[in-house]
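If you want the building blocks of each chain, they are given just below.
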Amino acid sequence: MIETINRAEFIDMLANDHNLSKTEAKEMYEKFISTHKRALLSGKRVLVGDLYRVQGVVRKGGKRRNPRTGEQVEVADRARIKLIAGTAFEQELTEAIVK
């Protein structure tokens, strides 16, 4: 099972790995997140080195079937996040977690 780290644990990891105070690490984290968010909201694709690329995409609406009732319902267009791992990182990740 894959362990999940929360925001505070990530900030601690960032501080420890890069000799930062927790305050500096928290500021760096918040700046990174806000920059990501601002870029995505403006319709840009964000490339993070060889790690991943992320972009907002539109999932088209239309008629869908309610699985409970079988009734046809109209669904509006919705925004979604599409994240694609870089090829080298995906290979690294596969080697690390597939045993």
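Please refer to the structure placed before this passage.
In what follows, the accompanying structure is described. The structure displayed is predicted, hence computed values, not measured ones.

What counts and what doesn't
- Residues numbered from 1 in each chain as written.
- Predicted model: local features only at pLDDT ≥ 70, side-chain atom pairs only at ≥ 80, totals over all residues.
- Heavy atoms only, no water.
- Helix = DSSP H or I, 4+ residues; strand = E, 2+ residues; numbered from the N terminus.
- Buried < 20%, exposed > 50% of the residue type's maximum accessible area, 1.4 Å probe, protein only.
- Contact = heavy atoms within 4.5 Å.
- Salt bridge = Lys/Arg side-chain N within 4 Å of Asp/Glu carboxyl O.
- Axes fitted to C-alpha atoms, helices over the stretch in contact; angles between N-to-C directions.
- Left-handed = near helix turned anticlockwise from the far one by under 90°.

What follows deals with the side chain of histidine 36. Looking at where histidine 36 falls in the secondary structure, it is placed in helix H2 (residues 22–41). Taking relative accessible area as the criterion, histidine 36 reaches 13% and is therefore assigned buried. Among all residues touching histidine 36, those that are not within four sequence positions of it are Val46, Val48, Tyr52 and Val54.

Attention now moves to the pattern of salt bridges. Close approach of charged atoms allows side chains with opposite charge to pair. Scanning the model with the defined rule gives two salt bridges in all. Residue glutamate 30 is joined to arginine 7 by a salt bridge in which the shortest nitrogen-to-oxygen separation is 2.7 Å. Remark: arginine 7 occurs in helix H1 (residues 7–17) and glutamate 30 occurs in helix H2; sequence separation between them is 23 residues. Between lysine 22 and aspartate 12 there is a salt bridge; the shortest N-O distance is 3.3 Å. Of the two residues, lysine 22 is situated in helix H2 and aspartate 12 in helix H1; the sequence distance between them amounts to ten residues.

Before going further, it helps to examine the environment of lysine 22. Here lysine 22 falls in the exposed class, since its relative accessible area comes to 55%. Through-space distance from the C-alpha of lysine 22 to that of isoleucine 11 is 6.9 Å; in sequence the pair is eleven residues apart.

Let's shift gears to the packing of H1 against H2. Interaxial distance between H1 and H2 falls to 8 Å at its minimum, and their mutual angle equals 115 degrees. The chirality of how H1 crosses H2 is right-handed. Across the interface between the two elements, Arg7, Phe10, Ile11, Asp12, Leu14 and Ala15 of H1 pack against Lys22, Ala25, Lys26, Met28, Tyr29 and Glu30 of H2.

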